[in-house]
Amino acid sequence: MLGSFRLNTAQIQMCVNTANFTNNSAYGENRKEILSSLGSTVKDNGGFYTGHIGEGSERVYALGLCRSDLHDEDFFSCVNSSSQAIIEKCPYQKEATDFGPPSL
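As the structure is a computational prediction, the values presented were derived from the model and not from experiment.

K.L.:
Is there a simple way to explain the packing of aromatic side chains in this structure?
P.N.:
Where two aromatic rings form a pair, the distance of their centres and the angle of their planes describe that pair. Within the structure shown, the criterion is met by two aromatic pairs. Aromatic pair Phe21 and Tyr27: ring centres 5.1 Å apart, planes at 50 degrees, arrangement tilted. Phe21 gets classed as buried once you look at its relative accessible area, which sits at 9%. When the ring centre of Tyr27 is taken as origin, the NZ or CZ atom of Lys94, which lies over that ring, is 4.5 Å away.

Here's what the structure looks like:
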């Protein structure tokens, strides 16, 4: 199986098992750093941000996007809940997607 796909009333999430990393690796630290700051960065950039951290095989890419009908104060919650869900539900996968709770 390449990954898992979860669909429920709370969130839509996909963890892809094509590449993994170890928790204390440079990749793991870069992933933690970019996901932990993604909510604030998206809020500061009007609801959208794409960026990366690290070099070479340790580089982590992230993209955060919020619905355009949200208010500025909801941008952080929108992306932060998805970032935290990826950290928790896809702990070692290099590729993961979370569409966030439908209420946001």
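K.L.:
I would appreciate a short explanation of the pairing of strand 3 (residues 48–53) in the present structure.
P.N.:
Bridge count between strand 3 and strand 4 (residues 60–65): six bridges; the pairing is antiparallel. In the strand pairing of strand 4, Phe48 is matched with Leu65. Connecting the antiparallel pair strand 3 and strand 4 is a turn made up of six residues, with Gly54 showing a positive phi of about 95 degrees.

K.L.:
Just to check I follow, could you spell out the pattern of salt bridges for this structure?
P.N.:
A side chain of one charge can pair with a side chain of the opposite charge if their charged atoms are brought near each other. In total, this model carries four salt bridges according to the counting rule given. A salt bridge links Asp69 to Arg67; the nearest nitrogen and oxygen atoms lie 2.9 Å apart. Exposure remark for Arg67: the relative accessible area of 38% places this residue in the partly exposed category. Two residues, Lys89 and Glu88, come together in a salt bridge whose shortest N-O distance is 3.4 Å. A relative accessible area of 37% means that Lys89 is categorised as partly exposed. For Glu88, a relative accessible area of 55% puts it in the exposed group.

K.L.:
Any chance you could explain the layout of surface pockets here in plain terms?
P.N.:
Empty space among the atoms becomes apparent when a probe as large as a water molecule is rolled across them. A volume near 680 Å³ is recorded for the largest pocket. Lining of the largest pocket is provided by 30 residues; of these, Leu63, Ile86, Ala96, Thr97 and Asp98 occupy positions nearest its centre. Secondary structure elements with two or more residues in the lining of the largest pocket: helix 1 (26–44), strand 4, helix 2 (72–89) and strand 5 (93–98).

K.L.:
Even after reading the chapter, I still don't get the nonpolar core, so can you show me in this structure?
P.N.:
Note on soluble globular proteins: their nonpolar side chains tend to be buried together. Formed by 17 residues in total, the largest nonpolar core has its most connected members in Ile34, Leu38, Val42, Cys66 and Val79. Taken together, the elements giving at least two residues each to this core come down to helix 1, strand 4 and helix 2. When residues of this core are assigned to their parent elements, the largest contribution, five residues, is made by helix 1. Apart from the residues lying within four places of it in its own chain, the contact partners of Val42 are Gly47, Phe48, Tyr49, Gly64, Cys66, Phe75 and Val79.

K.L.:
Looking at this structure, I do not really get helix 2. What am I missing?
P.N.:
Because each turn of an α-helix spans 3.6 residues, side chains separated by three or four positions end up pointing in the same direction. Taking 1.5 Å as the rise per residue, helix 2 with 18 residues should run 26 Å; its terminal C-alpha atoms sit 27 Å apart, in good agreement. Within helix 2, the full set of buried residues consists of Phe75, Cys78, Val79, Asn80, Ser82, Ser83, Ala85 and Ile86. The inward-facing, buried residues of helix 2 contact strand 2 (12–20), helix 1, strand 4 and strand 5.

Parameters at a glance
- Residues numbered from 1 in each chain as written.
- Predicted model: local features only at pLDDT ≥ 70, side-chain atom pairs only at ≥ 80, totals over all residues.
- Heavy atoms only, no water.
- Phe/Tyr/Trp six-rings, centres within 6.5 Å; stacked < 30°, edge-to-face > 60°.
- Buried < 20%, exposed > 50% of the residue type's maximum accessible area, 1.4 Å probe, protein only.
- Lys NZ or Arg CZ within 6 Å of the ring centre and 35° of its normal.
- Pairing = 2+ DSSP bridges.
- Helix = DSSP H or I, 4+ residues; strand = E, 2+ residues; numbered from the N terminus.
- Salt bridge = Lys/Arg side-chain N within 4 Å of Asp/Glu carboxyl O.
- 1 Å grid on protein atoms, 1.4 Å probe; cavity = no way out; pocket = protein on both sides within 12 Å on 5 of 7 lines; lining within 4 Å.
- Points joined across faces, edges and corners; volume = space filled by probe spheres on them.
- Core = buried A, V, L, I, M, F, W, Y, C linked by side-chain atoms within 4.5 Å.
- Contact = heavy atoms within 4.5 Å.
- Expected span 1.5 Å × (residues − 1).

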